[in-house]
Amino acid sequence: MNNKRWYDQEPTISLAVSLIQNSKQDTQLECAKLIKEKAQDHGVILQNNLFGAFNYVLHRWYDINEELSEAFGYLKAADDETRKQIAIDIISFLEKSETLQNET
């Protein structure tokens with residue numbers, strides 16, 4: 001039986017999600033924007049779930065913010081290759097962000 005979360009199935013995606021989770025809230029929101037932009041650039045379409053909207057419960061850490069939750073919806077909806085590429089972009093973004101913060 002495999003109890004891993006969807007984003008723990010691939011190490012690169014798991015790392016990106018962990019880095020986002022451990023970031024400051026403003027950095028998380030920047031990552032959310034980047035995820036949505038990259039996903040939309042790759043043609044990922046977020047499926048509207050009307051029943052889910054009525055039954056919305058905060059189960060996951062990223063559900064605390066609507067932007068972050070939507071971004072993770074895009075990430076989850078992407079195919080494996082796109083998801084991995086977005087994860088690489090996020091890791092790179094966070095790496096640059098951390099470097100800039102350390103320089104100031």
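All residue numbers refer to position in the chain's written sequence, counted from 1. Local features in this predicted model are restricted to residues of pLDDT 70 or higher, and side-chain atom pairs are both shown and tallied only at a pLDDT of 80 or more, whereas totals for entire chains, interfaces and linings draw on every residue. Side-chain figures throughout are based on the complete set of non-hydrogen atoms in the structure, without hydrogens or water.

**Q** Can you break down the pattern of salt bridges residue by residue, with the values?
**A** Each reported salt bridge corresponds to a side-chain nitrogen of Lys or Arg within 4 Å of a carboxyl oxygen of Asp or Glu. Considering all chains together, one arrives at 6 salt bridges under this definition. For E70, the salt bridge is made with K36, and the minimal N-O distance between the two is 3.0 Å. Remark: K36 occurs in helix α2 (residues 25-41) and E70 occurs in helix α4 (residues 66-77); sequence separation between them is 34 residues. Put simply, K36, E67 and E70 are held in one network by salt bridges that share partners. In this description a helix means any DSSP run of H or I spanning at least four residues, a strand means any run of E spanning at least two, and both kinds are numbered starting from the N terminus.

**Q** Now, about the nonpolar core: what can you tell me, with residues and values included?
**A** To form a nonpolar core, buried Ala, Val, Leu, Ile, Met, Phe, Trp, Tyr and Cys residues must be joined to one another through side-chain atoms within 4.5 Å. Accessibility here uses a 1.4 Å probe with only protein chains present; expressed as a share of the type maximum, an area under 20% marks a residue as buried, one over 50% as exposed, and anything in between as partly exposed. Counting residues in each nonpolar core, the largest one holds 25 residues, and the members touching the most others are I20, W61, F72 and I90. Put simply, the parts of the chain that give this core at least two residues each are α1 (11-21), α2, α4 and α5 (80-103). Any pair of residues with heavy atoms lying within 4.5 Å of one another is described as a contacting pair. With near-sequence residues (within four places) excluded, I90 lies in contact with A16, I20, C31, L34 and I35.

**Q** Describe in detail the packing of aromatic side chains, supporting the description with residues and values.
**A** Stacked, edge-to-face and tilted are the three classes for Phe, Tyr and Trp ring pairs, Trp counted by its six-membered ring, which pair at centre distances within 6.5 Å; planes under 30 degrees apart are stacked, over 60 edge-to-face, the rest tilted. Applying the stated criterion across every chain, the model contains 7 aromatic pairs. Aromatic pair W6 and F72: ring centres 6.4 Å apart, planes at 75°, arrangement edge-to-face. One end of the pair, W6, is in the segment before α1; the other, F72, is in helix α4, and 66 residues separate them in sequence. For the pair shown, W6 and F72 are each scored as buried. The rings of W6, Y7, W61, Y62 and F72 are connected pair by pair, giving a single aromatic cluster.

**Q** Residue-level account of the side chain of S23, with values.
**A** Counting through the fold element by element, S23 comes out in the loop between α1 and α2. Polar contacts, as used here, are pairs of N or O atoms within 3.5 Å; protein pairs need one atom able to donate a hydrogen and one able to accept it. Residues neighboring in sequence count only if both atoms are side-chain atoms. In terms of polar contacts, S23 uses its side chain to reach the backbone carbonyl oxygen of L19, at 2.6 Å. Not counting residues within four places of it along the chain, the set of residues in contact with S23 comprises Q28 and L94.

**Q** Go over the environment of E98, please, and point to the residues and values.
**A** With respect to the helices and strands, the residue E98 is situated in helix α5. Using a relative accessible area of 42% as the deciding quantity, one classes E98 as partly exposed. Each C-alpha atom of the pair E98 and S23 lies 9.8 Å from the other, and the pair is 75 residues apart in sequence.

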